Amino acid sequence: MLDNNPRGTICIEDIEIGMSRSLRKIVTDRDIELFAEVSTDRNPVHLDDDYARDTIFEGRIAHGMLTAGLISAVIGEQLPGHGTVYLGQTLKFLAPVRPGDMVDAIVTVTDMDISKRRVTMETHCEIDGKKVLKGEAIVMAPSRKFD
């Protein structure tokens, strides 16, 4: 995985609207197999080439929630990072992600309620600049005062 910042924590006191972090990852066959195993979602559109060829996707695709998990990785590892509590996430899937695709997961702070330690972020994943997933996350960020 490639990303633009080291792992760790950015406390609510240091977060600013417009702050952004990202992660880049190639989705592999092994990622899809592991996700199927962990989630127990063994839909053949993810695992069976012959089956998937005859679907609207014309080939295998990654689980949508596997792609969404990359957003979770940015939030949990970078912004705000360690100690963050996920409160909610909306998702809209715009295009399939296929084995071998390089996915960029990007989160950007759009609003904050410092008194409640709430951070709202625009979230999306893209391949070659084309959005494949978009949404919004609300999290509780760690604080130097309380954590």
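Residue indices begin from 1 for each chain and proceed along its sequence in written order. For a predicted model such as this one, the threshold for reporting local features is a pLDDT of at least 70, and the threshold for listing and counting side-chain atom pairs is 80 or more; totals across whole chains, interfaces and linings nevertheless cover every residue. Excluded from the side-chain calculations are hydrogens and water; all other atoms, namely the structure's heavy atoms, are used.

So, the nonpolar core
Argument step 1. We call a set of buried residues a nonpolar core when its members are Ala, Val, Leu, Ile, Met, Phe, Trp, Tyr or Cys and they connect through side-chain atoms within 4.5 Å of each other. Only protein chains enter the accessibility calculation, which uses a 1.4 Å probe; a residue whose area is less than 20% of its type maximum is buried, one above 50% is exposed, and one in between is partly exposed. Grouped together as the largest cluster of nonpolar side chains are 31 residues, with contacts concentrated most on Ile-15, Leu-79, Val-109, Val-119 and Met-121.
Argument step 2. Mapped onto this core, the elements with two or more residues apiece are α4 (64-77), β4 (102-113), β5 (118-127) and β6 (130-140).
Argument step 3. By the criteria applied, helices consist of DSSP H or I runs no shorter than four residues and strands consist of E runs no shorter than two, each listed in order from the N terminus. For this core, the leading source of residues is α4, giving six residues.

Structural notes on the pattern of salt bridges
Argument step 1. Here a salt bridge means any side-chain nitrogen of Lys or Arg lying within 4 Å of a carboxyl oxygen belonging to Asp or Glu. As enumerated under the stated definition, the model contains eight salt bridges in all.
Argument step 2. The salt bridge partner of Lys-25 is Asp-31, with a shortest N-O separation of 2.6 Å.
Argument step 3. On the basis of relative accessible area, Asp-31 is assigned to the buried category, the value being 18%.
Argument step 4. Here Arg-53 and Asp-50 are joined by a salt bridge, their closest N and O atoms 2.2 Å apart. Taken together, the residues span about one helical turn, with Arg-53 and Asp-50 both in helix α3 (residues 49-53) at a distance of three residues.
Argument step 5. We classify Arg-53 as partly exposed; its relative accessible area is 48%.
Argument step 6. Residues participating in the shared-partner salt-bridge network are Asp-29, Asp-49 and Arg-60.

A closer look at the side chain of Asp-31
Argument step 1. Turning to its location among the elements, Asp-31 is positioned in helix α1 (residues 29-39).
Argument step 2. A polar contact of 2.6 Å, which involves the side chain of Asp-31, links it to the side chain of Lys-25.
Argument step 3. Not counting residues within four places of it along the chain, the set of residues in contact with Asp-31 comprises Lys-25, Ile-26 and Leu-66. Contacts described as polar in this section are N or O atom pairs within 3.5 Å, which, within protein, must combine one atom able to donate a hydrogen with one able to accept it, while residues neighboring in sequence count only if both atoms come from side chains. Only heavy atoms matter for contacts: two residues are in contact if any of them lie within 4.5 Å across the pair.

Notes on α4
Argument step 1. Helix span is expected to be 1.5 Å times the residue number reduced by one. For α4, with 14 residues, the first-to-last C-alpha span of 20 Å sits near the 20 Å given by 1.5 Å per residue.
Argument step 2. Where the residues of α4 are buried, they touch β2 (20-26), α1, β3 (85-93), β4, β5 and β6.

A short note on the environment of Arg-60
Argument step 1. Looking at the secondary structure, you find Arg-60 in the loop between α3 and α4.
Argument step 2. A relative accessible area of 14% places Arg-60 in the buried class.
Argument step 3. Measuring from C-alpha to C-alpha, the distance between Arg-60 and Ala-73 comes to 24 Å, with 13 residues separating the pair along the chain.
Argument step 4. The residues contacting Arg-60, other than those within four sequence positions of it, are Asp-29, Ile-32, Val-45, His-46, Leu-47, Asp-48, Asp-49, Ala-52, Arg-98 and Pro-99.
Argument step 5. Polar contacts involving the side chain of Arg-60 include one to the side chain of Asp-29, which spans 2.4 Å.

Observations regarding α1
Argument step 1. Every buried residue of α1 is listed here: Asp-31, Ile-32 and Ala-36. End-on view of α1: buried residues confined to an arc of 135°, all on one side of the axis. The exposed set on the far side of α1, more than 90 degrees from its buried face, consists of Glu-37 and Val-38.
Argument step 2. Against β2, α2 (44-47) and α4 lie the buried residues of α1.
Argument step 3. Just downstream of α1, Thr-40 is the residue with a positive phi angle, here 65°. Here the arc refers to the set of directions running from the helix axis out to each C-beta atom.

Read these as spatial facts, not as claims about activity.
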